[in-house]
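# Overview (structure and organization)
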Amino acid sequence: MRTTILLLVIVQVVLGNKTYSIPNFEANWYKAYEYCLSKDQRLATIESEAESDAVIQFVKNSDKYGDRIRFWIGAGDLAQEGTYTWTSTNKLLKYAIWGKNEPNNRYGNEHCIELYHRAEIWLWNDHVCEYEFYFICESFTAVCDSN
């Protein structure tokens, strides 16, 4: 009996209180979401320019970096059209680096957010959730407020 072993290589780095990783396969947004959860992680949340810079630097240092590359992150308007939230926290997006004329819900079915790179520019776009892209998972250390 032959046994097939699947070797999953994960690129990982620790930034602040978050650890980012990029699995070595592409998936649609839903499978990416489920995969991150199965690893006790979540799709990446980017809530500030500093976090955006950290994620972009992480991607640049990974073997997934290249021109015209796309990554799923953990935001979308799946619950209510036009209201973008981080799916893991239900917080509204307060920081975003949307591409020109984005989000646009092109063809009425773009509900998941991608981080994309093209010609040295990093931007966000709403995209069809069923497309397969690489994705960024994050684990994090919760910070409790004692007040």
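Below or above, wherever it landed, is the structure these notes cover.

## Observations regarding the overall build of the protein
- Within the protein, the secondary structure is distributed over two helices and nine strands.
- Ordering the α and β elements of the protein from the N terminus gives β-β-α-β-α-β-β-β-β-β-β.
- Looking at the protein residue by residue over its 147 residues, the buried ones come to 44%.
- Pairs at least 24 residues apart make up 69% of the contacts formed inside the protein by residues separated by at least 6 positions.
- With an accessible surface of roughly 8800 Å², the protein has 50% of that area assigned to carbon and sulfur atoms.

## Quick look at the pairing of strand E7 (residues 121-127)
- Among the seven residues that make up E7, five are buried, leaving the element largely enclosed by the rest of the structure.
- Where strand E6 (residues 112-118) meets E7, seven bridges bridge the pair, whose relative direction is antiparallel. When the bridges of E7 are listed, Leu 115 appears paired with Trp 124.
- What sits between the antiparallel neighbours E6 and E7 is a turn of two residues, in which Ala 119 has the positive phi angle 55 degrees.

## Describing the packing of aromatic side chains
- Scanning all chains against the criterion turns up 14 aromatic pairs.
- Ring centres 5.7 Å apart and planes at 90 degrees place the aromatic pair Trp 29 and Tyr 30 in the edge-to-face group.
- Taken together, a centroid distance of 6.1 Å and an interplanar angle of 85 degrees make the contact between Tyr 95 and Trp 124 edge-to-face. Of this pair, Tyr 95 sits in the loop between strand E5 (85-86) and E6 while Trp 124 is found in strand E7, placing the two residues 29 residues apart along the sequence. Comparing Tyr 95 with Trp 124, the two get one shared label, buried.
- Following the ring pairs from residue to residue traces out a cluster consisting of Tyr 84, Trp 86, Tyr 95, Trp 98 and Trp 124.

## Quick notes on the state of the cysteines
- A full pass over the atoms with the stated rule returns two disulfides.
- Here Cys 36 connects covalently by a disulfide to Cys 137, the sulfurs 2.0 Å from one another. Between Cys 36 and Cys 137, the S-S torsion sits near -80 degrees, and that sign places the bridge as left-handed. With a gap of 101 residues between them, Cys 36 in helix H1 (residues 29-38) and Cys 137 in strand E9 (residues 137-140) connect regions that are remote in the sequence.
- Owing to a relative accessible area of 0%, Cys 137 belongs among the buried residues under this scheme.
- The disulfide partner of Cys 112 is Cys 129, and the S-S distance across this bridge is 2.0 Å.

What counts, and at which threshold
Residues numbered from 1 in each chain as written. Predicted model: local features only at pLDDT ≥ 70, side-chain atom pairs only at ≥ 80, totals over all residues. Heavy atoms only, no water. Helix = DSSP H or I, 4+ residues; strand = E, 2+ residues; numbered from the N terminus. Buried < 20%, exposed > 50% of the residue type's maximum accessible area, 1.4 Å probe, protein only. Contact = heavy atoms within 4.5 Å. Areas by Shrake-Rupley, 256 points an atom, 1.4 Å probe, with all protein chains shown as cover. Pairing = 2+ DSSP bridges. Phe/Tyr/Trp six-rings, centres within 6.5 Å; stacked < 30°, edge-to-face > 60°. Disulfide = S-S within 2.5 Å.

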